[in-house]
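Notes for the structure review
Listed below, chain by chain, are the residues.
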There are 2 protein chains.
Amino acid sequence: MSQPEKRRKILDAAVSVFARNGYYSSKVSDIAREAGVADGTIYLYFKNKEDLLIQVFLDTMGSILERQEQVQAGMTDPTERLRAFITTHYDLVASSPALAEVVTVELRQSSKFMRSTDMKPFGKYLAIIARIVQEGQEQGVFASTVQPRRIARALFGVLDEFALEWAMAEHPAPLAEMADETTQIFLEGLRARPGAR
Amino acid sequence: MSQPEKRRKILDAAVSVFARNGYYSSKVSDIAREAGVADGTIYLYFKNKEDLLIQVFLDTMGSILERQEQVQAGMTDPTERLRAFITTHYDLVASSPALAEVVTVELRQSSKFMRSTDMKPFGKYLAIIARIVQEGQEQGVFASTVQPRRIARALFGVLDEFALEWAMAEHPAPLAEMADETTQIFLEGLRARPGAR
DNA sequence: CCGCGCTGAATGGTCGTTCATTCAGGCCCT
DNA sequence: AGGGCCTGAATGAACGACCATTCAGCGCGG
């Protein structure tokens, strides 16, 4: 087995074990067993247990960012771009629930980690949303009463909360429905508008 | 010192230590030192370390629920009630940042805990929001296109995310501003409306 | 038969939890 | 009122389980 392949196997095992037990209750030896390697092998590919968590995050954010940028590339209408961003986010969550749980739940733990430079990819994710909002405002399609950066945070909060609910619930509602309602809330708000569709 | 007083001291110390180091990195002996008691004393008041975390949560949610219900009691207009709920939430966060950090960050860790019956108070918190939305819909003030329960989750996600940002940032924006923007987003949404205020 | 990737048993340090011991204060008997 | 007895809250040193990390050696491909 080639080296990158082994690295992948370990990362995948880590995601699955972290999701099942939480980071602190996960034993390195469990990850090794699930990856089909010896305990020591993990230390040939990662500095230590925490590094493993960080690499999971960086690896995941990398491909998520790539995917979102790719989706956005072909689009211009801000409303459609926002909708697409939301749908893509939930698609990613659905395609790997364990990964979603690790990234949303486990990572939140350590403020040490939250402040570290490794959070940059997260900032980039927010920037994609903020950009959509800003362009929408410039085109007059979105109201300019709220800062794009703020909206980005708010939207992420909702995506994260719904993902968490979905990951935890026994019989979760379909994510497609959640995507629709998320979009609805952000575009239209709560207020009833006579004659609005 | 009377027993309830000592219990309080330990709970307060736990909040402060958990907020500083995270639950798993916190040592029982650190909490004991900060509370000014011996290690063993903690076990006279709490079953074990995890129980300490749970009691912090139950204790906190109890007073938060009480406060929100009290605020809601005197109000009828759904819009105002929503605004008041949001403002009160941020007031509570501001009044005890360490507590806010523990409840929003540390508790998320254990899905074992998230699923346990002790989460009921959290369900009650969501129910307060859902109720406001539902009554607003019945009065025709709010659109009926989204389920109240869903809105409640979404709003909580935003409150939580903003609280987290506020707790982590070096020079956080004033929470009053966040309260305004949160309200704005949920009531009006993003879409520009010619002639709307 | 070299050396590289890998192994997994051994190590050492870290706490959560226990419990034998202390002692302040309340109670009763004279 | 004095003083001896008792209680149980509080203490903190010691214990032992647990696990991340290491490293001496193994075996396989070239």
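Before reading on, note that the structure itself is shown above.
Cut-offs and rules
Residues numbered from 1 in each chain as written. Chains lettered and ligands numbered in written order. Predicted model: local features only at pLDDT ≥ 70, side-chain atom pairs only at ≥ 80, totals over all residues. Heavy atoms only, no water. Phe/Tyr/Trp six-rings, centres within 6.5 Å; stacked < 30°, edge-to-face > 60°. Buried < 20%, exposed > 50% of the residue type's maximum accessible area, 1.4 Å probe, protein only. Helix = DSSP H or I, 4+ residues; strand = E, 2+ residues; numbered from the N terminus. Lys NZ or Arg CZ within 6 Å of the ring centre and 35° of its normal. Near = heavy atom within 4 Å. Polar contact = N/O pair within 3.5 Å; in protein donor to acceptor, adjacent residues only side chain to side chain. Nonpolar A, V, L, I, M, F, W, Y, C, P; charged D, E, K, R; others polar.

**Details of the packing of aromatic side chains**
Think of a pair of aromatic rings as described by two things: how far the centres are apart, and how the planes are tilted against each other in angle. Enumeration according to the criterion identifies eleven aromatic pairs over all chains in this entry. Taken together, a centroid distance of 5.3 Å and an interplanar angle of 65 degrees make the contact between Phe18 of chain A and Tyr23 of chain A edge-to-face. Among the residues examined, Phe18 of chain A registers a relative accessible area of 0% and is labelled buried. With centroids separated by 4.9 Å and ring planes inclined at 75 degrees, the aromatic side chains of Phe122 of chain B and Phe156 of chain B adopt a geometry described as edge-to-face. In this pair, Phe122 of chain B sits in helix α8 (residues 120-138) while Phe156 of chain B sits in helix α9 (residues 148-168), placing the two residues 34 residues apart along the sequence. Feature note: the residues Phe18, Tyr23 and Tyr24 of chain A together with Phe18, Tyr23 and Tyr24 of chain B constitute an aromatic cluster, connected by ring pairs. The positively charged end of Lys49 of chain A is found above the aromatic ring belonging to Tyr23 of chain A, 4.7 Å away from the centroid.

**Structural notes on the protein's contact with DNA strand D**
In the vicinity of DNA strand D lie 15 residues, with Val28 and Tyr43 of chain A together with Ala38, Thr41 and Tyr45 of chain B positioned nearest. Here DNA strand D approaches the protein such that, of its atoms within 4 Å, sugar and phosphate make up 75%. Contact distances for DNA strand D include 2.8 Å between a phosphate oxygen and a backbone N or O atom of Val28 of chain A. In the model, a phosphate oxygen of DNA strand D is placed 2.9 Å from a nitrogen or oxygen of the Tyr45 of chain B side chain.

**Digging into the protein's contact with DNA strand C**
In the region of DNA strand C, 15 residues are neighbours, and Lys6 and Thr41 of chain A together with Val28, Tyr43 and Lys49 of chain B sit closest. Counted by atom, the contact set of DNA strand C within 4 Å of the protein is 78% sugar and phosphate. Gly40 of chain A places a main-chain nitrogen or oxygen 3.3 Å from a base nitrogen of DNA strand C. Here Ser26 of chain B contributes a backbone N or O atom positioned 3.2 Å from a phosphate oxygen of DNA strand C. Going through the elements one at a time, α1 (3-21) and α3 (39-45) of chain A are the ones with two or more residues in the surface near DNA strand C. In terms of residues, the surface near DNA strand C owes the most to one element, α3 of chain A, which gives five residues. For the surface near DNA strand C, the class distribution of residues is six nonpolar, five polar and four charged.

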